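As a plain string of letters, each chain reads:
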Amino acid sequence: GTPYVWGGTTPAGFDCSGFVQYVYAQNGIGITRTTYTQWDNDGTYVSRANLQPGDLVYFGTGSAPSHVGLYVGGGMMIHSPRTGDVIKYTTIDSGYYASRFMGGKRIVR
């Protein structure tokens, strides 16, 4: 039920990159703040076929991602989708996300 808040980085409200940054921080792992910097700087790239729970999954069009979620396995992610919505589980295989999947990143300690 935690709401999407643009620029949000706390349990009072998260945007997509603030949410995954917070989850990693709660597990003692620091990552950068924005979807773009996470994509460019954090972790190693992982193909869709090799995703594991805990990997970051990125979506967008063109060369820059516009959304990130946390892969939980079974083709599902947990994410903070958009204004007016709340953190929730969503399949990465839905038409919207499947057509915009850019790749995954694995963050290791």
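These numbers come from a predicted model, not from an experiment.

A.B. asks: Would you mind going over the nonpolar core with me for this structure?
C.D. replies: Ranked by internal contacts, the top residues of the largest apolar core, which has 15 residues, are Val 20, Tyr 24, Ile 31 and Leu 56. For this core, the secondary-structure elements that each account for two or more residues are helix H1 (16-26), strand E4 (56-61) and strand E5 (64-73). Looking at this core, the element that brings in the most residues is H1, giving four residues. Counting nine residues, the second-largest nonpolar core is a separate cluster that includes Val 57, Phe 59, Tyr 71 and Ile 92.

A.B. asks: For this particular structure, what's the right way to read the pairing of strand E8 (residues 101-106)?
C.D. replies: Two faces make up the sheet, and in a regular strand the side chains alternate between them. Relative to E8, strand E3 (residues 44-46) runs antiparallel, the two sharing three bridges. Each residue of the ladder has a partner; that of Thr 44, found in E8, is Arg 106. As defined by bridge partners, E4 adjoins E8 across four bridges and the pair is classed as antiparallel. When the sheet's bridge partners are listed, Phe 59 is paired in E8 with Phe 101.

A.B. asks: So what exactly am I meant to see when it comes to the environment of Gly 8 here?
C.D. replies: Mapped onto the secondary structure, Gly 8 falls in the segment before strand E1 (9-10). Sequence-distant contacts of Gly 8, defined by excluding residues within four places in its chain, comprise Gly 13, Phe 14, Asp 15, Gly 18 and Arg 33.

A.B. asks: It is not clear to me how H1 should be interpreted in this structure. Could you clarify?
C.D. replies: Helical geometry: 3.6 residues make up each α-helical turn, so side chains three or four residues apart lie on a common side. Taken together, the buried positions of H1 are occupied by Cys 16, Ser 17, Gly 18, Phe 19, Val 20 and Tyr 24. Elements in contact with the buried residues of H1: E1, strand E2 (13-14), helix H2 (35-41), E4, E5 and strand E6 (76-79). Among the residues trailing H1, Gly 28 stands out with phi positive, at a value near 75°.

A.B. asks: How should the pattern of salt bridges be read in this particular structure?
C.D. replies: Charged atoms that come close allow side chains of opposite charge to pair. The tally for this structure, following the rule as stated, stands at five salt bridges. Between Asp 85 and Arg 82 there is a salt bridge, with its nearest N and O atoms 3.5 Å apart. A relative accessible area of 15% places Asp 85 in the buried class. Overall, the relative accessible area of 45% leaves Arg 82 in the partly exposed class.

A.B. asks: When you look at the pairing of E4 in this model, what are you seeing that I'm missing?
C.D. replies: Summarising burial for E4: five of the six residues are buried, a large majority. Pairing analysis gives six bridges linking E4 to E5, with the strands arranged antiparallel. If you follow Gly 60 over to E5, its bridge partner there is Pro 65. Counted between consecutive antiparallel strands, the loop separating E4 from E5 contains two residues, among which Gly 62 sits at a positive phi close to 80°.

Parameters and conventions
Residues numbered from 1 in each chain as written. Predicted model: local features only at pLDDT ≥ 70, side-chain atom pairs only at ≥ 80, totals over all residues. Heavy atoms only, no water. Core = buried A, V, L, I, M, F, W, Y, C linked by side-chain atoms within 4.5 Å. Buried < 20%, exposed > 50% of the residue type's maximum accessible area, 1.4 Å probe, protein only. Helix = DSSP H or I, 4+ residues; strand = E, 2+ residues; numbered from the N terminus. Pairing = 2+ DSSP bridges. Contact = heavy atoms within 4.5 Å. Salt bridge = Lys/Arg side-chain N within 4 Å of Asp/Glu carboxyl O.

None of the figures reported here should be taken as evidence of function without further support.
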